[in-house]
Amino acid sequence: MVVRQYNEELKYLEKLTPYSWRIKKGFQPNMNVEGIFYVNQTLEKLMLDELRNACRPGMVGGFLPGVKQIANVAALPGIVGKSVGLPDVHSGYGFAIGNMAAFDVNDPKSIVSPGGVGFDINCGVRLLRTNLFLEDVLPVKEQLAQSLFDHIPVGVGSKGIIPMNAKDLEEALEMGMDWSLREGYIWAEDKEHCEEYGRMLNADPSKVSVRAKKRGLPQLGTLGAGNHYAEIQVVEEIYDKWAACKMGIEEKGQICVMIHSGSRGFGHQVATDALVQMEKAMKRDNIETNDRQLACARIHSTEGQDYLKSMAAAANFAWVNRSSMTFLSRQAFAKQFNMAPDDLDMHVIYDVSHNIAKIEEHIVDGKQKTLLVHRKGSTRAFPPHHPLIPVDYQLTGQPVLIGGTMGTCSYVLTGTEQGMLETFGSTCHGAGRALSRAKSRRNLDYMQVLRKMEGMGISIRVASPKLVMEEAPESYKNVTDVVNTCHAAGISKKCIKLKPIAVIKG
Amino acid sequence: MENFKDSELVLAPCKYEYLDHTADVQIHSWGNSLKEAFEQCGVAMYGYMTELPSVEIKQSAYIEAEGHDIESLLFHFLDELLFLFSCEPNLICSRLEIQEFITEGEELRLKCKCYGEEFVIGKHPQGTEVKAITYSAMQIVNEPEKNRFELFVIIDI
């Protein structure tokens, strides 16, 4: 890392608009392209504070600030356009979290990086609607929260209840949601409203280590811990009535269910294995990066291809996982209301992936190019008429689901043409952390956080008390700031605001 | 249940702490030898998954790890411990004893006896799930002449 005074560092940053900053070449060595990050005034301060802290002399055990990481990604071979930081950006492993970068597939030097996807491959958000309204749910809110908590296995060491053996797992890895459909866990329409229709076709389970499969098998159909959750939410605001109607959201007060989870230990192990492999490939192919964490391999190398195939298997695992929990949520609602999930109209509105790499077609400098787009803590947001979005959303643009944190609101946005041009059709993914976990544990009190939730009318079921502090809203950037920045910058458009009334967490 | 000698049931004093990191957790461990710092680091990781006082020593398992430098040895050591927890026998450990510890030469290697019991929801409070071990900002202080042995590792959670 280049060590300079904070004031010197600032010379490499330039405010372009009230909502975006340019990172000039030279901020980090060997930058092939410039960087850009989107922030409003509040988020800007957090971003620059992180940089200022890292510039303090005599830092021990420190880590790279997000803005430096965006610049390091801009130095990777084969990158095109810009290295983009979304408003929820913060320091991560190699890539910042909230960082997207695209690489030209036809450039032999281009790379794929597991750090650009993250450990939780195909971590994402799914939103189910219901035809219930707040007044239907309020009288049974506690029972419903408890029932969801009883149905969905959560937290460290929990095991899935969907019957699975090793052979089932192989099939699920290959087939993704087609497996869930065949086994009767989901509805055919669910697939329509998923990115990639819930199945990455290049998945190859034979490229996945036994170790990953062993970690994955018991965890299929579990929510996990950390920032993952299942929430019962109520529509609080509708900004775009027409687009909301297309999603089956009629008016304020309607009840939805949001599930935020990923590929569990399976994906984590796939990522870990790939990082070990790629370290060797980097030495062999003389790939130089600014940071050891940016382990990568050429897209067309064996390691690169193997990673893409196993990543696709992990992506399929994650869709099966979210589908299994969709099934369990439908069961919980059906039992509570004594009605079939069909009659409750519990359709999937959409399912997004915010930790993934995909091959997509984009226009770069007026030419169509095939790119490998890494989105880490960033959600795809395709505009209206894009061929890869479902028929139902052809006119509105792709629904983009932004999960809030425990107790704060969540949003549904839609993709825009401007986002397609500026950020390769990408936008933010959530709130993004502001306080460290250790600091949250020290500064916040468990009971206080719980009481505050109760005061806000939120029923909460959580496996780990410590997590309550770590995941308290105070620990995160304000999701409303993040979403408003995306809206103001034009890279996606606000559609619906949702507020939780029950939270189930690890 | 296995039989253990009394000496095998004695827990090591706590020589680790959790440091600030925005998204994840940074473990800082130390000891009178590099070996001890390694053992402490492993216990610290388990300590984030549950409350260690709830763990009884009822069974044990051996793990082995290899590496081409001390960083990768530490990485694989923690990865093995995480795997021991994530799959059969789902062991959560409160005591680690590294029995072989070769940190010189081409192939670095260690063998560790892990003491604990199967993780049971209800008995063991659920802490935070560890997704993976990272090389991110990993630091190893190995200065025998000053008797300083410290490790810094970020675990992804």
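Starting afresh in each chain, residues are numbered from 1 along the sequence in its written order. Note on labels: chains are lettered from A, ligands numbered from 1, in written order. Given that the model is predicted, a residue must reach a pLDDT of at least 70 before its local features are reported, and side-chain atom pairs must reach 80 or more before they are shown or counted; all residues, however, enter totals for whole chains, interfaces and linings. Excluding hydrogens and water, the side-chain values take into account all heavy atoms of the structure.

### What to know about the overall build of chain A
Phase 1: The numbering of helices and of strands both runs from the N terminus, where a helix is a DSSP run of H or I of at least 4 residues and a strand a run of E of at least 2. For chain A, the count of helices and strands is 17 helices and 19 strands.
Phase 2: For a compact globule the rule gives 2.2 Å times the number of residues to the power 0.38, and the radius of gyration it is set against comes from C-alpha atoms. For chain A, whose C-alpha radius of gyration is 22 Å, the value lies close to the compact-globule estimate of 23 Å for 506 residues.
Phase 3: In terms of principal-axis extent, the alpha carbons of chain A reach across some 65 × 45 × 45 Å.
Phase 4: A 1.4 Å probe rolled over the protein chains alone gives each residue an accessible area, and that area as a share of the maximum for its type sets the label: buried under 20%, exposed over 50%, partly exposed in between. Taking all 506 residues of chain A together, 65% fall into the buried category.
Phase 5: Residue pairs in contact within chain A that sit at least 24 positions apart in sequence constitute 75% of those at least 6 positions apart.
Phase 6: Residue burial considers only the protein chains on display, and all accessible areas are found by Shrake-Rupley using a 1.4 Å probe. Carbon together with sulfur atoms contributes 52% to the accessible area of chain A, which is approximately 17,300 Å² in total.
Phase 7: The positive count covers Lys and Arg only, the negative count covers Asp and Glu only, and His and the chain ends enter neither. By convention, the point assigned to a charge is CZ for Arg, NZ for Lys, CD for Glu and CG for Asp. Both charge centroids of chain A, one from 59 positive and one from 56 negative side chains, sit 6 Å from each other. Every residue pair with non-hydrogen atoms within 4.5 Å of one another is taken to be in contact.

### What about the interface of chain B and chain A?
Phase 1: Contact with chain B, which involves 45 residues of that partner, is made by 48 residues of chain A.
Phase 2: The quantity reported as buried area is the accessible area (1.4 Å probe) lost by two parts once they are put together, taken as the sum for both. Summed over both partners, the interface of chain B with chain A comes to about 3,700 Å²; 52% of that surface belongs to carbon and sulfur atoms.
Phase 3: The rule for a salt bridge is simple: a side-chain nitrogen of Lys or Arg has to be within 4 Å of a carboxyl oxygen of Asp or Glu. For the pair chain B and chain A, the number of links is four salt bridges.
Phase 4: Here Lys131(B) makes a salt bridge to Asp120(A), at a shortest N to O gap of 3.9 Å.
Phase 5: Among the elements of the structure, strand E1 (16–19), strand E2 (25–31), helix H1 (34–49), helix H2 (70–86), strand E6 (132–133) and strand E8 (148–156) of chain B are those that each provide at least two residues to the side of chain B that touches chain A.

### Some details on empty space enclosed by the protein
Phase 1: Grid points spaced at 1 Å and placed over the protein atoms alone form the basis of the search, with a cavity being a set where a 1.4 Å probe fits but cannot get out and a pocket an open set showing protein on both sides within 12 Å along at least five of seven lines. Lining residues have an atom within 4 Å of a point. Grid points are joined across faces, edges and corners, and a volume is the space filled by probe spheres set on the points. The tally for this structure, following the rule as stated, stands at four cavities of 30 Å³ or more.
Phase 2: Of the volumes computed, that of the largest cavity is approximately 550 Å³.
Phase 3: Ile97(A), Asn227(A), Asn355(A), His429(A) and Lys131(B) are the residues nearest the centre of the largest cavity, which is lined by 39 residues in total.
Phase 4: Residues are grouped as follows: nonpolar covers Ala, Val, Leu, Ile, Met, Phe, Trp, Tyr, Cys and Pro; charged covers Asp, Glu, Lys and Arg; every other residue, Gly included, is treated as polar. Residues of the lining of the largest cavity, tallied by class, amount to 14 nonpolar, 16 polar and nine charged.
Phase 5: It is helix H11 (residues 264–285) of chain A that provides the largest number of residues to the lining of the second largest cavity, a total of three residues.
Phase 6: Residues belonging to the lining of the second largest cavity are distributed by class as follows: six nonpolar, one polar and two charged.

### Topic: the UniProt feature "binding site: Mn(2+) 1" (unreviewed entry) in chain A
All names here are of chain A.
Phase 1: Those residues carrying the UniProt feature "binding site: Mn(2+) 1" (unreviewed entry) are Asp120, Cys123 and His228 in this numbering. Spanning 109 residues, the named residues form one tight spatial group whose C-alpha atoms are at most 10.9 Å apart. Considered against the largest cavity, the annotated residues that line it turn out to be Asp120, Cys123 and His228.
Phase 2: Assignment of secondary structure puts Asp120 in the loop between strand E6 (111–112) and strand E7 (124–133).
Phase 3: The topology assignment puts Cys123 in the loop between E6 and E7.
Phase 4: Accessibility expressed as a relative area gives 5% for Cys123, which makes it buried.
Phase 5: Setting aside chain neighbours within four positions, we find Cys123 in contact with His228, His260, Ser261, Gly262, Arg322, Val352, Ser353, His354 and Asn355. UniProt positions are given in the numbering used here, feature names are shortened, and annotations may be inferred rather than shown by experiment.

### Details of the state of the cysteines
Phase 1: Throughout, disulfides are identified as pairs of cysteine sulfur atoms within 2.5 Å of each other. Throughout the structure, instances matching the rule amount to zero disulfides over all chains.
Phase 2: Between Cys256(A), a cysteine without a disulfide, and Cys495(A), which holds the nearest cysteine sulfur, the sulfur-to-sulfur distance is 11 Å.
Phase 3: The thiol of Cys87(B) is unpaired, and the distance to the nearest cysteine sulfur, on Cys93(B), comes to 14 Å.

### Quick look at the pairing of strand E8 (residues 229–238) of chain A
Residues and elements named next belong to chain A.
Phase 1: Where burial is concerned, most of E8 is hidden: seven out of the 10 residues are buried.
Phase 2: As defined by bridge partners, E8 adjoins strand E19 (residues 492–505) across nine bridges and the pair is classed as antiparallel. By the bridge assignment, Ile232 is partnered in E19 with Ala502. Pairing between two strands is assigned when DSSP locates at least 2 bridges connecting them.

### Brief notes about the nonpolar core
Phase 1: Counting 152 residues, the largest nonpolar core has Phe38(B), Met45(B), Tyr46(B) and Phe77(B) as its most contacted members.
Phase 2: Sequence-distant contacts of Met45(B), defined by excluding residues within four places in its chain, comprise Ile27(B), Leu78(B), Leu81(B), Leu82(B), Val130(B), Ile133(B) and Ile155(B).
Phase 3: Note on terminology: a nonpolar core comprises buried Ala, Val, Leu, Ile, Met, Phe, Trp, Tyr and Cys residues joined through side-chain atoms within 4.5 Å. Counting residues in each nonpolar core, the second largest holds 29 residues, with Val140(A), Leu144(A), Leu148(A) and Leu328(A) among its members.

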